Amino acid sequence: MPCLSKVIPSIPHENTSSNFIKWLTRLSGQMERVVVSMQDPDMGVKLRNQRLLITVIPHAMTGNDIVEWLMQKFSVCDEEALHVGNLLVKFGYIYPLKEPRVLTLRPDETPYRFQTPYYWTSTRWPASELDYAIYLAKKNIRKQGELIEHEKESYNMLHKRINHTWDFVVMQAREQLRASKQRRKADRIVLECQEQAYWLVNRPPVSPCTCRWDRTRMTFLAYFMCYLHITLISTHSGFVKYCEQYQPHDPIMQGCLPSNPWITDDAMYWTINSDSVAVPTKLRVERWSFSFVELLSDPMGQRELMAYLEKEFSAENLCFWQACEDLRHGENSKIPSKVDEIYKQFLAPGATRWVNIDSKTMEKTLQGIKQPHRFVLDDAQMHIYFLMKKDSYPRYLRSELYKNLLARAVVPQETKKRYRSSWWNMAFHRRRRCRRSLSRPTSPGTRLLGWRCRARQVPGRSRVLYDVRHCLQAKSRRFLRTPPRRPHRHHACPPPSSSVGTQRSHTLYTGPSPSPWKVTGNE
Amino acid sequence: MGEMEQMKKEADGLKTQIEAARKAVADTTMSAASAAVAPAPRVQLKTRRTLKGHLAKIYAMHWATDSRLMVSASQDGKLLIWDSHSGNKINAVPLKSSWVMTCSYAPSGNLVASGGLDNMCTVYNLKTPVVKTVKELDAHTGYLACCRFLSDSEILTASGDTTCALWDIESGKQKTVFLNHVGDCMCLSLSPDMNTFISGACDSLAKLWDVRDGTCKQTFQGHTSDVNAISFFHNGNTVITGSDDCTCKMFDLRADQEVISYQDAQLNAGVTSLALSVSGRLMFAGYDDFNCNIWDTLKGEKVGVLSGHDNRVSCTGVPPDGMCVCTGSWDSFLKIWN
C-alpha cells in the first residue's frame, strides 16, 4: 500500500546484516516520529484519565482512538492502521495498562499509554545487562518470589555472570526503591509500569544468551521476527477479509442470480448488469461500498458519484481525476494538448473549475507542466484521489442518493436450468413413467413421488428422492393385503426392469394403463 | 584484526539466521492463522463448452473485459476471437509467423496483440472492417513470452532476452526497459492499480517493478525452477506464482517473502499457467499432466480437479466477472468450466 511505506520502510533487497541493522534503525526512527506526532496536544490522539484499581492514571488512550488517529493521519484502512499500531506496541512505544504482558493493540476500549522517551528502543538499544540485573533485584527485594520463571533463570544467570559487581547491583536496587517511595503514588505506579513495559519488550521470555554478540543478534532477530509475525498476521487477516467480502460476488463459489449463463444458457445476468441498465442489481450497488476503487471502476458508479458531487458543487475533483486518467492512458501525441487543456480548466489561477491542491504539490505540478509527459500530473491526481476517498466517498455512501439507489436495486429471481434438449427429455421421462406405472390409476393417497424428474419439476416441494423400490414394495404389500376388487386382466406390458425385481409380478393390472400424455400429479 | 574477522563471521551467521527466522515465522504464523479459517467447499466444475476450431497446439488465451469475448493463439498461425457463450468465432486473424507464444486483449476491446519466436509483438485493430495490423513492435532480441495491454496506447512485454519493456504503441518505440533478470522472462502480471507489475523468469525469481521508474522494487526467491505463471491477487498486496518445480507459491509484498506453498507429493508435473477466482479463494493451476488443479489459496489444499484435456494444459483464464474458468490445451481445444 503506498501510504504505509511512509511509516514502514520496506525490507531491504540485499540480504546483508548491516543492511538489516540499518533498516531496523530507520524503522525505529519512523516509529518515533509517528509517536511524537501522536502526542501533539492539538492534532494528537485523544487522551483521558484511566482508573486502575483505586488510582487514577492520567494521559491514557483507548485502542480505538489509536486506530482512528492512524487511519486519519495516513489515509489508510483500519487493517493497515491496526498493523502499524501493533508494531508500535510490540516495539515498546505504547504499552497496555490492563494486561502488560499482552503486547498487542486491541481496537476497543483497552487503555494504553505512551512510553517515556527515556525507555525508547533507539535510545537504549541493546538493553544493558546491568540495568536488567538492577530491575530484577528491585523486583525481588520488593516482593520476594514475584519473579516469573524466565526472570528467575535470568536472575540466576546474571548473578553468576556479573558476580563481581553484585553488591553494586543490590545497592543500586535499594537506592532506587527508596527514591521511588518518596514519590506520589500515582507517579510511582506510572514509573513502575513504564519500566516493566520496557523490560517486557526487551527481555521477552527466550532463553538467555551467553556472549555479547549473541545477545545483540538475538535481540535484533527477536525484533525482526516480531515485525515479520505481525506483518504476516496482518496479511493473512487482510486476505481472509477480502475473500469473505467478495465471496457473494464469486459465481464459482456461490453461484449467481438470476442464473449462471454458462449453466442455464440464459444471458439475463449480463443484460441486467450492463453499463446502461436503468436499475442496477443489489449486489452491484453493495460492491461500491467495499472500496473507492470499486466505485470508480464501475462506469455506472462513476456516473452516480458525479451526480452526487454535482449536487454538492464539488464535481471538479472527479472531472480532474478523469482527465488525468485520460492523460495517463491516452495517446502519446495528444499529451501536450491534453496537459494544456487540463491546466486551463483546473489548475490555472482563476480557472473555471479550479481544484483545491496544497501549495507544495501545485508548485511541483506547475513546474512539471513545462515539460509535459504522461505522468506529470500524477502527484496532483493522487492528492485529489485521496481527498475524494477521505471526504466525498464516505459522504456519498451515507447520502440519500446512495441509500435510495440501494433500496431501489433489484434482487433478480432465480431462473431454473432449462434442459438443452427439453422436449426429448420430457418425452423420455414420460415413457419411463408409463412403463413403471402401477395397476390402478393414482388416487390422492398413492401419488408417485419416486421419480427424479417429477421431483425436480415440482416447484417448492422438497427435493428428497424416495427409493423407487421401497415405494413399490409398500404399494405392492398394500395391494396384496386387500383382495382384488375386479378380475385381473393380463395386459401386455414390457418386461419388468431388474431394479423392481420380483415384486412386479404381484402387481396386476386392473384398469387401463394411464395414457402417456395424461399427466397425473403436479406438473 | 582478529576481532574484525570474528565480527565478520558473526555478521554472516546473522544472515543465515535471518533466513531461517523468516521461514520459521512464516510457517508457524500462516499455519496457525489458516487453521482458524473454515475450509472451502469441495468444488466440482463441469465442462460447459468445448471450443473447437484450432488445428494445432493452443499456447495462450486471454479474456476481454466484457467477459464474453476472448482471444486464443495457436501454432497453426491463427488468432481466434471467440464469443465464448455461443461458441462462435467472431474473427480469425492470420499471423505472419505461426510460432506464437502469447496473446492479449486490450481493456477497451479494440486491440489484440500477439508475439512469439519472431521476437516481435504485433498489435491488431479489431474494429476496422478487416482486421489490420496497427504496429509491429520490434526491438527485443529474444522471443516474446508474454504481453499485456495497459491501455490502447501502452503495452508491456516480457521477453526471452531477459528484459521486460513498456512500449508506446503509436510510435512503436520502447519507453522503458526493465533490466534485472538473468533468465528468460516467462510471464508478467499487472497490479490492479497499474502502477507496478510483477514478472517471473527462468532464473526462478519473481521481481516487482515500478512502471514509471523502471526500477526493480522487490525480488522474491523461493522457487527452484523456471517461473512459468504469475498473477497478482486482487487486493494488490500478494502475488501467486507457478513454476516448473511443480509448486505454486504465494508471496507477500510487505513481508517480502513466501508465505504459502501449494504443493502435493503426488504431483510431478510443472505448472504452466494459473488464474484466480474473483474472491481470490480459489486458484486454478494448469499442469503438464493434462489436468488443471483447483487450490484453496488460504489453506493451501487442493479442492478439485478439472480433467478432460488430452494434452498439456497451456493456458488458464478467469473472466473479469468470474463466471467460469477457461482452459486451453495442446490438444487444440478450449474448454469452459463452471
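Source: prediction; values computed, not measured. (Residues numbered from 1 in each chain as written. Chains lettered and ligands numbered in written order. Predicted model: local features only at pLDDT ≥ 70, side-chain atom pairs only at ≥ 80, totals over all residues. Heavy atoms only, no water.)

(A) Broad picture of the overall build of chain A. Counting its regular elements, chain A contains 23 helices and four strands. About 29300 Å² of surface is accessible on chain A, with carbon and sulfur atoms providing 55% of the total. (Helix = DSSP H or I, 4+ residues; strand = E, 2+ residues; numbered from the N terminus. Areas by Shrake-Rupley, 256 points an atom, 1.4 Å probe, with all protein chains shown as cover.)

(B) Spatial organisation of the pairing of strand 10 (residues 144-149) of chain B. All names here are of chain B. Counting buried positions along strand 10 yields five of six residues, so the element is predominantly enclosed. By the bridge criterion, five bridges tie strand 10 to strand 11 (residues 154-159) in an arrangement that is antiparallel. Bridging from a neighbouring strand, Cys146 pairs with Ala158 of strand 11. Where strand 10 folds back on strand 11, the antiparallel hairpin that results is connected by four residues. (Buried < 20%, exposed > 50% of the residue type's maximum accessible area, 1.4 Å probe, protein only. Pairing = 2+ DSSP bridges.)

(C) Highlighting the pattern of salt bridges. All names here are of chain A. This structure, assessed with the given rule, holds 26 salt bridges over all chains. Linking Arg161 and Glu129 is a salt bridge whose minimum nitrogen-to-oxygen distance equals 2.2 Å. Taken together, the residues span a long stretch of sequence, with Arg161 in helix 6 (residues 149-161) and Glu129 in helix 5 (residues 129-142) at a distance of 32 residues. By relative accessible area, Arg161 is classed as partly exposed at 28%. Accessibility expressed as a relative area gives 17% for Glu129, which makes it buried. Residue Arg178 is joined to Glu175 by a salt bridge in which the shortest nitrogen-to-oxygen separation is 2.3 Å. Of this pair, Arg178 and Glu175 are both found in helix 7 (residues 166-181), three residues apart, which corresponds to roughly one turn of the helix. Given a relative accessible area of 40%, Glu175 falls into the partly exposed group. (Salt bridge = Lys/Arg side-chain N within 4 Å of Asp/Glu carboxyl O.)

(D) Layout of a nonpolar patch on the surface. Residues Leu130(A), Phe168(A) and Met171(A) make up a contiguous nonpolar surface patch of roughly 260 Å² in combined accessible area. Following the sequence through the fold, Phe168(A) ends up in helix 7. (Patch = residues over 30% accessible without salt bridge, like charges linked within 9 Å, V, L, I, M, F, W, Y side chains within 5 Å.)

(E) Highlighting the sheet that holds strand 19 (residues 238-243) of chain B. Residue and element names in this part refer to chain B. Spatially, the four strands line up as an open sheet ordered 18-19-20-21, and their pairing is antiparallel. The open sheet has two free edges, formed respectively by strand 18 (227-232) and strand 21 (257-262), since each of these has just one partner strand. Strand-to-strand, the axes of this sheet are offset by a mean angle of 25°, without reference to chain direction. Judged from the five bridges that link them, strand 18 and strand 19 form a sheet pairing that is antiparallel. Each bridged residue has a counterpart across the sheet, and for Ile230 the counterpart in strand 19 is Thr241. (Axes fitted to C-alpha atoms, helices over the stretch in contact; angles between N-to-C directions.)

(F) Examining the side chain of Ser314(B) more closely. Residue and element names in this part refer to chain B. Along the chain, the position of Ser314 falls in strand 26 (residues 313-317). Classification of Ser314 by relative accessible area gives buried; the value is 12%. Within polar-contact distance, the side chain of Ser314 engages the backbone oxygen of Ile58 at 2.5 Å. (Polar contact = N/O pair within 3.5 Å; in protein donor to acceptor, adjacent residues only side chain to side chain.)

(G) The arrangement of the interface of chain A and chain B in detail. Contact with chain A, which involves 57 residues of that partner, is made by 71 residues of chain B. Here chain A packs against chain B, burying approximately 5700 Å² in sum over the two surfaces, 64% of which is carbon and sulfur. Counting the surface chain A buries against chain B, the share from its top three residues, Phe239(A), Ile252(A) and Trp262(A), is 16%. Between the two partners, chain A and chain B, sit three salt bridges. The salt bridge partner of Arg374(A) is Glu154(B), with a shortest N-O separation of 3.5 Å. On inspection of chain A and its partner chain B, the count reaches twelve residue pairs in polar contact (both at pLDDT 80 or more). At the level of secondary structure, the elements contributing two or more residues to the side of chain A that touches chain B comprise helix 2 (17-38), helix 4 (78-90), helix 9 (212-246), helix 10 (251-254), helix 11 (261-264), helix 12 (268-272) and helix 16 (315-329) of chain A. Of the residues forming the side of chain A that touches chain B, the biggest block, 20 residues, is contributed by helix 9 of chain A. A class-by-class count of the residues in the side of chain A that touches chain B yields 30 nonpolar, 17 polar and ten charged. (Contact = heavy atoms within 4.5 Å. Buried area = accessible area lost by both parts, 1.4 Å probe. Nonpolar A, V, L, I, M, F, W, Y, C, P; charged D, E, K, R; others polar.)

(H) The packing of aromatic side chains, seen in detail. Under the counting rule described, the total for this entry stands at 24 aromatic pairs over all chains. Considering the side-chain rings of Tyr118(A) and Tyr119(A), the 5.0 Å spacing of their centres and the 65° angle between planes classify their relative orientation as edge-to-face. Its relative accessible area of 52% is what places Tyr118(A) among the exposed residues. With a centroid separation of 5.1 Å and 45° between ring planes, the pair formed by Phe292(A) and Tyr393(A) is classed as tilted. Highlighted residues: Phe292(A) in helix 14 (residues 292-297) and Tyr393(A) in helix 19 (residues 378-398), separated in sequence by 101 residues. Residues Phe292(A) and Tyr393(A) agree in their burial class; the two are buried. Put simply, the rings of Tyr118(A), Tyr119(A), Tyr132(A), Tyr135(A), Tyr198(A) and Trp199(A) touch in pairs and so form one group of aromatic residues. Positioned above the aromatic ring of Phe333(B), the side-chain terminus of Lys52(B) is 5.7 Å from the ring centre. Lying across the ring of Trp330(B), Arg312(B) places its NZ or CZ 4.3 Å from the centre. (Phe/Tyr/Trp six-rings, centres within 6.5 Å; stacked < 30°, edge-to-face > 60°. Lys NZ or Arg CZ within 6 Å of the ring centre and 35° of its normal.)

(I) Seen up close, the nonpolar core. Residue and element names in this part refer to chain A. Ranked by internal contacts, the top residues of the largest apolar core, which has 68 residues, are Met38, Phe91 and Ile94. No other element matches helix 9, which puts 13 residues into this core. Counting 38 residues, the second largest nonpolar core, distinct from the first, contains Leu296, Met300, Phe320 and Met388. (Core = buried A, V, L, I, M, F, W, Y, C linked by side-chain atoms within 4.5 Å.)

(J) Inspection of helix 4 of chain A at higher detail. Residue and element names in this part refer to chain A. Across its 13 residues, helix 4 extends 18 Å between first and last C-alpha, which sits within 8% of the 18 Å expected from 1.5 Å per residue. What helix 4 keeps buried is the set Glu80, Ala81, His83, Val84, Gly85, Asn86, Leu87, Leu88 and Val89. Just downstream of helix 4 lies Gly92, where phi reads positive at about 90°. (Expected span 1.5 Å × (residues − 1).)

(K) Quick peek at the environment of Pro96(A). Residue and element names in this part refer to chain A. Tracing the chain through its elements places Pro96 in strand 3 (residues 94-96). For Pro96, a relative accessible area of 5% gives the class buried. Between the C-alpha atoms of Pro96 and Met61, which are 35 residues apart in sequence, the distance is 9.6 Å. When neighbours within four sequence positions are excluded, Pro96 is seen to be in contact with Val89, Val102, Leu103, Pro111 and Tyr112.

(L) Spatial organisation of the confidence of the model for chain A. Residue and element names in this part refer to chain A. On average, residues of chain A score 74 in pLDDT, and 71% of them are at 70 or above. Within the model, pLDDT remains below 50 along residues 207-211, and this stretch shows nine contacts once partners closer than five positions in the same chain are excluded. Note on residues 420-425: pLDDT is under 50 here. Beyond four places in sequence and across chains, it has three contacts. (pLDDT = per-residue confidence, 0-100.)

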